[in-house]
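# Structural characterization, general
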2 protein chains.
Amino acid sequence: MVDVNRKLKNIIVLTAVLTLIPFSQAEPAKDTGLRKDALEWLSPLPEKYQFKKSNPGTPEKLLLGKMLFFDTRLSKSNVFSCASCHNLATGGVDNNRFSTGHKWQTGGRNAPTVLNASLRIAQFWDGRAADVEAQAQDPILAGVEMAATKELVLERLNSIPQYVERFKKAFPNEKMPLTYENIANAIGAYERTLITPSRFDRFLKGDDNALSRTEKKGLKTFLDKGCSTCHDGAAVGGGSYRKFGEQHQPPNMEDKGRFNVTKDEDDINVFVVPSLRNIELTYPYFHDGRHWTLEAAVKDMGYYQLDEKLSKHEIGDIVAFLKSLTGDAVETTIPILPPSTARTPVPDRN
Amino acid sequence: MVDVNRKLKNIIVLTAVLTLIPFSQAEPAKDTGLRKDALEWLSPLPEKYQFKKSNPGTPEKLLLGKMLFFDTRLSKSNVFSCASCHNLATGGVDNNRFSTGHKWQTGGRNAPTVLNASLRIAQFWDGRAADVEAQAQDPILAGVEMAATKELVLERLNSIPQYVERFKKAFPNEKMPLTYENIANAIGAYERTLITPSRFDRFLKGDDNALSRTEKKGLKTFLDKGCSTCHDGAAVGGGSYRKFGEQHQPPNMEDKGRFNVTKDEDDINVFVVPSLRNIELTYPYFHDGRHWTLEAAVKDMGYYQLDEKLSKHEIGDIVAFLKSLTGDAVETTIPILPPSTARTPVPDRN
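In what follows, the accompanying structure is described. Since we're looking at a predicted model, the values are computed, not measured.

Scoring rules and cut-offs
Residues numbered from 1 in each chain as written. Chains lettered and ligands numbered in written order. Predicted model: local features only at pLDDT ≥ 70, side-chain atom pairs only at ≥ 80, totals over all residues. Heavy atoms only, no water. Contact = heavy atoms within 4.5 Å. Buried area = accessible area lost by both parts, 1.4 Å probe. Salt bridge = Lys/Arg side-chain N within 4 Å of Asp/Glu carboxyl O. Polar contact = N/O pair within 3.5 Å; in protein donor to acceptor, adjacent residues only side chain to side chain. Nonpolar A, V, L, I, M, F, W, Y, C, P; charged D, E, K, R; others polar. Axes fitted to C-alpha atoms, helices over the stretch in contact; angles between N-to-C directions. Helix = DSSP H or I, 4+ residues; strand = E, 2+ residues; numbered from the N terminus. Parallel < 35°, antiparallel > 145°, perpendicular 65-115°, else oblique. Buried < 20%, exposed > 50% of the residue type's maximum accessible area, 1.4 Å probe, protein only. Phe/Tyr/Trp six-rings, centres within 6.5 Å; stacked < 30°, edge-to-face > 60°. Lys NZ or Arg CZ within 6 Å of the ring centre and 35° of its normal.

A few words now on the interface of chain B and chain A. The interface of chain B with chain A comprises 40 residues on the first partner and 40 residues on the second. Between chain B and chain A lies a buried interface of about 3,300 Å² when both sides are counted; carbon and sulfur atoms form 64% of it. Between the two partners, chain B and chain A, sit zero salt bridges. Joining chain B to chain A, the criterion identifies 16 residue pairs in polar contact (both at pLDDT 80 or more). In terms of residue class, the side of chain B that touches chain A is made up of 18 nonpolar, 16 polar and six charged.

Laid out in structure tokens, this is it:
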């Protein structure tokens, strides 16, 4: 009787376990191999924000940086803030081919996402800024973007007592806390918090159920075809420079990319490899926003970079995998900005 | 001994009470009178959102309305959303004299705040829309603002499955949930939640400490001079039409205001009286944004509307009171918008 009881108990327990554990977890061997292959190229996003030693992310600085990120007074016209083109409602971009700036002008390159941007090897498509802190200095002054001057922005912020106070608290050991560099330092520190883990990270960490069967097939194709040789690391890209057109020359490559920075002929048509995190949200694609769908972008990448004529099925699977990189939303509360004063220079649309 | 003990106890209790209650509460008589005077003209903001019977504010509709409020795809160029000009970081306005729209054009009137807008007698400076639901239909189509067409906006939203689904849930009893009217209905319902109680409401409800001595002096001056005859009710304005220049004609009154709507000569230079809620944040002031400081606006109002040459002290006190109308921030989390699809019409900057 004891043995029969034990058997019965075992059956009950086994049934309960089989009921509770979804089917795919019952085949651990398959995903363990895929995970191991993936981890050779890719890795989960870091669990802690990575600040620069010289620019630690204190709560005071992060809040200040967030306020500045949303403040249109950093633009001459008072029409644009960082958030205008790096819209946190839409994947940290504006989903336009080229962003619209001062006097309806546009630049010549598609705005990269601010999400996970701090993980890139360098900022801008051509890598001309070393990090997000350096990057944040540029659009404020660019004539086709925010079109301000350092003097104007400093005069505006200095005229607002709440900002003066917040800079003191964010940069407590500095004699002159409110400098143009510190505006960018605060914004950069805030941007380093815009990290968006997704289902894919849960898969890499061992959760077989985090990806669907099609997404896993897509991941396998992504690895097998060699996409991960460029789109690697925690950001699934962003870690290296590559020529757009390594195997075949794409059309319309007037933009010489990194060559404009280095004047090295090897850098013609070379760009920072984009991160594929949130790529579902950050259309249109490539440095010039030439494609509006992931399918078209993946097809081009396969041919121009890898000499692979990917089938419709392969493209579909890869796109399914790429959508698993859409991050859990960064919950952003809109900061309430301090009002201007009688001393604040007024907007100038000219 | 009993009597002495009781006396001692009373003294201890009295001391404790006097220590705990701040000074101003020790003089209840004064504020009771001021509060009574104030309540003859003014009232606290409603505690519940006030939806239209025909457009109830279900959670599904409010979230949809918020998403649409932040979605730049309602503009032809994909550059502007409702939130561009009605920025919730800056009092529900953009702090520009005239807002910038499609192709860098501007309208001719200062953008009114969306905060507490649903409490107004009618929408726009000239009252040409009955409520926020009707108002929300206009800027999307206005050539100098978002410059879209009904067809374009409907084609865009219909191409995005998540939106189609959300319209079904927000308007569950309608055969065609995704209509142009329902876009505006969802946005309008959301806008009805943007109500911003402030310290002033706490004062009206009995908290003497909610306002400082100067703010109370300002409130008294505000009432005594007659400001509250126009700026009345829960929104401290917004409830009536008045001529700008009832006592003296201000300069630069080319804008005929409500006359353009009614063609009634009595309506020349007549506008909806602005709400003074959050007025500290919603500069520049008046229908044409002619003043950047509250001091200048209060001075003009005193003279043009009330034939009062207010002293510097009186103006300072009134301004102090007006700043007590700055609402507790409406905490707004940025909604995450569904991505476009291959069928979505792309942005058009022309």
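It is worth spelling out the packing of helix α11 (residues 213-225) of chain A against helix α14 (residues 312-323) of chain A at this point. The relative placement of two packed helices comes down to the angle between their axes together with the axis-to-axis distance. Residue and element names in this part refer to chain A. Close contact between α11 and α14 brings their axes to 7 Å; oriented N to C, the two are set at 110°. By the criterion of interaxial angle, the relationship of α11 to α14 is roughly perpendicular. For the pair α11 and α14, the contacting residues are Thr214, Glu215, Lys217, Gly218, Leu219, Thr221, Phe222 and Lys225 in the first and Glu314, Asp317, Ile318, Ala320, Phe321 and Leu322 in the second. Looking at the contact of α11 with α14 residue by residue, the classes come out as six nonpolar, three polar and five charged.

Time to look at the side chain of Asp131 of chain A. All names here are of chain A. Relative to the helices and strands, Asp131 is located in the loop between α4 (82-85) and α5 (132-135). With relative accessibility at 16%, the residue Asp131 sits in the buried group. Polar side-chain contacts of Asp131 include one of 2.9 Å to the backbone nitrogen of Ala134. With residues near it in sequence (within four places) discarded, Asp131 still touches Lys52, Gln123 and Arg192.

Applying the stated criterion across every chain, the model contains 42 salt bridges over all chains. A salt bridge links Arg73 of chain A to Asp71 of chain A; its shortest N-O distance comes to 2.9 Å. Arg73 of chain A gets classed as buried once you look at its relative accessible area, which sits at 6%. Between Lys216 of chain B and Asp31 of chain B there is a salt bridge, with the nearest N and O atoms lying 2.7 Å from each other. Residue Lys216 of chain B is found in helix α11 (residues 213-225), and its partner Asp31 of chain B is found in helix α2 (residues 28-41); the two are separated by 185 residues along the sequence. Exposure class is identical for Lys216 of chain B and Asp31 of chain B. Each is buried.

Aromatic rings in a pair are described by how distant their centres are and how their planes are angled relative to each other. Tallying each qualifying case throughout the model produces 24 aromatic pairs over all chains. For the pair Phe80 of chain A and Trp104 of chain B, a centre-to-centre distance of 6.0 Å together with 20° between the ring planes defines the contact as stacked. Highlighted residues: Phe80 of chain A in the loop between α3 (59-69) and α4 and Trp104 of chain B in the loop between α4 (82-85) and α5 (132-135), drawn from two different chains. The exposure class assigned to Trp104 of chain B is buried, which follows from its relative accessible area of 11%. Through pairs of rings, three or more aromatic residues link up here, namely Phe244, Phe286, Tyr303 and Tyr304 of chain A. Taking NZ or CZ as reference, Arg128 of chain A lies 3.8 Å from the ring centre of Phe124 of chain A, over its face.

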